[in-house]
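Chain by chain, the residues:
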Amino acid sequence: MNDRLDTMNAIADEVRVRELEVSGEQGLLRARLYAAGPVKGKRDTLVVFFHGGGFIVDDLDESDGFLRRLAGVSHTPVVLASNYTLATVRPFPAAVEDAHAVLLWAKKNKTKLGWNGKHLLVAGIEAGANLAAVCALMSRDRGAPKLAGQILIMPMLDPGLSTCSMREMPQCVDQAKLADGCAAAYRGYLPNAADRTHPYASPLQSSRLKNLPPALILSADDDPLRDEAEAYGAKLASFGVPATVKRMLPAPQLADDRNECACERPALAEIASFIAELEEQGAPQA
């Protein structure tokens, strides 16, 4: 694994990045395609990624360093990172409808993406991880596309902000800033209080979690989101969904950027192992 990560980090600066547009629910969205190479033929794995930013900030550029490293993980998958409608433009459910539409677009445009259609994964950080988890629910409920897995990195899953790690009012100013930021994000994303219990807004509250793809869920020891991430993993497992949950050690400057935490070696190692296992299992085509 260390050799794989050393290679991945070495090629991170050599990853090919292409700007493109993808179809959202109501129009075109800015996106980027990341691919490490060269590799002959089309890739077996496509990871569709949604950025953080609390539903209200376009964080795609801030995710670039992490996405370059993600593109080097496990048999060099293709990574498609897409924007979505921010809550400042249209609140819930605009973002989740965009996210699901991007997955359907990716399935229909395999050739353009250099992907052969074998393994489709959805991933995200923070608010983007909420969208990734919801996309797994929507894809199951709507019958398409078939997902091989979901990667949820420090996900926002509980609009009620009810977990102990969120309510403990940490003494650390930076952690308090993170908790306050989550509250502000949900106020913008879910202005209608009734939406806060909708499973497509609050996956943690869903009572229908069967038949979802395997999940890798990464939390962080000093992140107020850690309890909801771990609770969701336990809940998925109780419904028979394979779920790997890992808590990472605190990362420098986590309060400023969760992408920095995701770039840490242990997080990348977990992602590499998860993707490799899915590829070895031969998950159904999308």
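As shown above, the structure is provided for reference.
Residues numbered from 1 in each chain as written. Predicted model: local features only at pLDDT ≥ 70, side-chain atom pairs only at ≥ 80, totals over all residues. Heavy atoms only, no water.

1. Considerations on the overall build of the protein
Counting its regular elements, the protein contains ten helices and eight strands. Residues counted as buried form 57% of the 286 residues belonging to the protein. Counting contacts in the protein only where the partners sit at least 6 residues apart, residues at least 24 apart contribute 80% of the total. Accessible surface, the protein: about 11700 Å² in total, of which carbon and sulfur atoms supply 49%. (Helix = DSSP H or I, 4+ residues; strand = E, 2+ residues; numbered from the N terminus. Buried < 20%, exposed > 50% of the residue type's maximum accessible area, 1.4 Å probe, protein only. Contact = heavy atoms within 4.5 Å. Areas by Shrake-Rupley, 256 points an atom, 1.4 Å probe, with all protein chains shown as cover.)

2. Brief notes about the pairing of strand β3 (residues 43-50)
Here is the key point about a regular strand: its side chains alternate between the two faces of the sheet. Here β3 lies mainly inside the structure; seven of its eight residues are buried. Relative to strand β5 (residues 115-125), β3 is paired through seven bridges, and the arrangement is parallel. Note on β5: the bridge partner recorded for V47 is L121. (Pairing = 2+ DSSP bridges.)

3. Topic: the packing of aromatic side chains
The final tally for this structure, using the stated rule, is five aromatic pairs. With centroids separated by 6.1 Å and ring planes inclined at 45 degrees, the aromatic side chains of F55 and Y186 adopt a geometry described as tilted. Remark: Y186 occurs in helix α7 (residues 173-189) and F55 occurs in the loop between β3 and α2 (64-70); sequence separation between them is 131 residues. On the basis of relative accessibility, which here comes to 1%, the residue F55 falls in the buried class. When its relative accessible area of 1% is taken as the criterion, Y186 is described as buried. Between F92 and Y189, the ring centres sit 5.8 Å apart and the planes meet at 80 degrees, which makes this aromatic pair edge-to-face. On the criterion of sequence distance, the pair formed by F92 in the loop between β4 (78-82) and α3 (94-108) and Y189 in helix α7 is long-range, its members being 97 residues apart. Just as F92 is buried, Y189 falls in that class too. (Phe/Tyr/Trp six-rings, centres within 6.5 Å; stacked < 30°, edge-to-face > 60°.)

4. Considerations on the packing of α3 against helix α5 (residues 127-142)
Relative orientation and spacing of two packed helices are given, respectively, by the angle between their axes and the distance between those axes. It is at 9 Å that the axes of α3 and α5 come closest, and there the two elements cross at 65 degrees. In terms of their interaxial angle, α3 and α5 are classed as roughly perpendicular. As for how α3 packs across α5, the hand of that crossing is right-handed. Contact residues: A95, V96, E97, A99, H100 and L103 in α3; L131, V134, C135, M138, S139 and R142 in α5. When grouped by side-chain class, the residues that make up the contact of α3 with α5 number eight nonpolar, two polar and two charged. (Axes fitted to C-alpha atoms, helices over the stretch in contact; angles between N-to-C directions. Parallel < 35°, antiparallel > 145°, perpendicular 65-115°, else oblique. Left-handed = near helix turned anticlockwise from the far one by under 90°. Nonpolar A, V, L, I, M, F, W, Y, C, P; charged D, E, K, R; others polar.)

5. What about the nonpolar core?
With 61 residues, the main nonpolar core has L80 and Y232 as its most contacted residues. Take this core: its biggest share by element is ten residues, from α5. (Core = buried A, V, L, I, M, F, W, Y, C linked by side-chain atoms within 4.5 Å.)

6. Quick look at a positive patch on the surface
Taken together, the side chains of K107, K108, K110 and K146 define a basic patch exposed on the protein surface. Relative to the elements of secondary structure, K108 occurs in helix α3. Exposure remark for K108: the relative accessible area of 72% places this residue in the exposed category. (Patch = residues over 30% accessible without salt bridge, like charges linked within 9 Å, V, L, I, M, F, W, Y side chains within 5 Å. Salt bridge = Lys/Arg side-chain N within 4 Å of Asp/Glu carboxyl O. Lys, Arg positive; Asp, Glu negative; His and termini not counted. Charge placed at Lys NZ, Arg CZ, Asp CG, Glu CD.)

7. As for the sheet that holds β5
Pairing is mixed in the open sheet, where eight strands are placed in the order β1-β2-β4-β3-β5-β6-β7-β8. Each edge of the open sheet is held by one strand with a lone partner, namely β1 (16-23) and β8 (243-248). Across the sheet, the mean angle separating the axes of adjacent strands is 20 degrees when strand polarity is ignored. Across five bridges, the pairing between strand β2 (residues 28-35) and β4 is antiparallel. Residue pairing in the sheet places A31 in a bridge with S82 of β4. Here helix α8 (residues 226-238) sits on the sheet in contact with β6 (149-153), β7 (215-220) and β8, set at roughly 155 degrees to β7.

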